[in-house]
Amino acid sequence: MTPYEQLVTATQMNFERYHAAYAAGSAPYELAGPASLTYDQQVQRLVREIAEADCVLVGGASGLSAAGGGDFYYGDTPSFREHFGKFAEKYGVRGAFDGSFRRWETPEERWAYLSTFLYTTQTAPVRAPYLDLDALLAGREFFVLTTNQDTQFVKLYPEGRVAQIQGDHRFFQCARCCVDDTWDAVEPVRQMVEAQGDDTRIPTELIPRCPHCGGEAFPWVRGYGNFLQGERYEEQYRKVSDWLAAHAERRLLLLELGVGRMTPMFIQEPFWNLTLSLPHARYVAVNDKHDLLPAQIADKGMVIVADIARVLADARAMTGA
């Protein structure tokens, strides 16, 4: 198990032990008080922290994509209706994840929905908050750790610069994990979307199959399937662990963007641990809902409670990038 995965595992155990605190939107630690800086002062400090850092580890979570218009996961939003309207009307689906967990009557309907979901993210343009973040990081040494499966970061950066620890919408796996293998999902998804047209079913022959056992395939993603934690998964943790090992003694900024209370164990709490343990580490989080900063790292960190898209756009404007 790699060092970063060890941090995640420890937090998962903590999450189970103190679940009531997390469910209430808090954390089982002594927290720092409200920030004394104004919004403009906080954005100025964010710009300064990036400029003064030797290197930056970005932790991008669902709130980052939601801030750019990818807010169709959890509710019946306008963007959900735009992409999934026919499923909302016919089946009463209310959010992309609602449809992913749904028990569909036929595999042809399930794959019509799943292919629509995957196609929506695979073909989406890079959203504005990502472009603003990219401008802020220009010329700096950085690495990206993300729990997002929507391919936004890998549309911007080489694979070696991004660790996708919860999967990637561009790949399929065997639903039964019969073998440690993942394969391309982009072309099969395009074919399924074209074949369904305005219908909510795909032709039976387009149901994706595992090339090894012939069983049904499934997207390589954690959350609503039998997630394959094989070589590709371990590679993601190796990348971020190796990068951290090479930069641990430098002035490192841990920049957390959009972590919710369902999954603090993958980015947020490991970042807190690293901020506390690494001598020159700094921590900045941007979150539109939660102001959570452990008192132990209050002198090394800051949380900006505001819309992520606004913060990144304002920070970019401040730098003239």
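Cut-offs used in this document
Residues numbered from 1 in each chain as written. Predicted model: local features only at pLDDT ≥ 70, side-chain atom pairs only at ≥ 80, totals over all residues. Heavy atoms only, no water. Helix = DSSP H or I, 4+ residues; strand = E, 2+ residues; numbered from the N terminus. Rg over C-alpha atoms; globule rule 2.2 N^0.38 Å. Contact = heavy atoms within 4.5 Å. Areas by Shrake-Rupley, 256 points an atom, 1.4 Å probe, with all protein chains shown as cover. Lys, Arg positive; Asp, Glu negative; His and termini not counted. Charge placed at Lys NZ, Arg CZ, Asp CG, Glu CD. Expected span 1.5 Å × (residues − 1). Buried < 20%, exposed > 50% of the residue type's maximum accessible area, 1.4 Å probe, protein only. Core = buried A, V, L, I, M, F, W, Y, C linked by side-chain atoms within 4.5 Å. Pairing = 2+ DSSP bridges.

Student: What is the right way to look at the overall build of the chain in this model?
Tutor: Within the chain, the regular secondary structure consists of 13 helices and nine strands. Its C-alpha radius of gyration of 20 Å places the chain within 12% of the 20 Å reference for a compact globule of 321 residues. Within the chain, counting contacts between residues at least 6 apart in sequence, those at least 24 apart form 66% of the total. When the accessible area of the chain is evaluated, it comes to approximately 13800 Å², of which 50% is carbon and sulfur surface. When the 31 basic and 42 acidic side-chain charges of the chain are each reduced to a single mean position, those positions are 1 Å apart.

Student: What's the story with helix H3 (residues 39–52) in this structure? I'm lost.
Tutor: Residue pairs spaced three or four apart in an α-helix point in one direction, given the helix's 3.6 residues per turn. With 14 residues, H3 should reach 20 Å at 1.5 Å per residue; the first-to-last C-alpha distance of 20 Å fits that figure. Along H3, the positions that sit buried rather than exposed are Tyr39, Gln42, Val43, Arg45, Leu46, Val47, Glu49 and Ile50. Those residues of H3 hidden inside the fold are in contact with helix H8 (128–137), strand E7 (252–257), strand E8 (282–287), strand E9 (301–305) and helix H13 (308–319).

Student: For this particular structure, what's the right way to read the nonpolar core?
Tutor: Soluble globular proteins: nonpolar side chains tend toward being buried together. Among the nonpolar cores identified, the biggest contains 40 residues, and Tyr4, Leu57, Leu145 and Tyr283 are the most heavily contacted of them. Listed by contribution, the elements that provide at least two residues to this core are helix H1 (3–17), strand E1 (55–60), strand E2 (141–146), helix H11 (231–247), E7, helix H12 (268–277) and E8. The biggest single contributor to this core is H11, with five residues. Those residues in contact with Leu145, other than ones at most four positions away along the chain, are Tyr4, Leu57, Val58, Gly59, Gly60, Ala163, Ile165, Val240, Phe266, Ile267 and Phe271.

Student: Is there a simple way to explain the pairing of strand E4 (residues 167–174) in this structure?
Tutor: Most of E4 is tucked away: eight of the eight residues are buried. Across four bridges, the pairing between E4 and strand E6 (residues 217–221) is antiparallel. Note on E6: the bridge partner recorded for Cys174 is Ala217. In the sheet, E4 pairs with strand E5 (residues 182–184) via three bridges, with the strands oriented antiparallel. Pairing of Gln173 across the sheet is with Thr182, part of E5.

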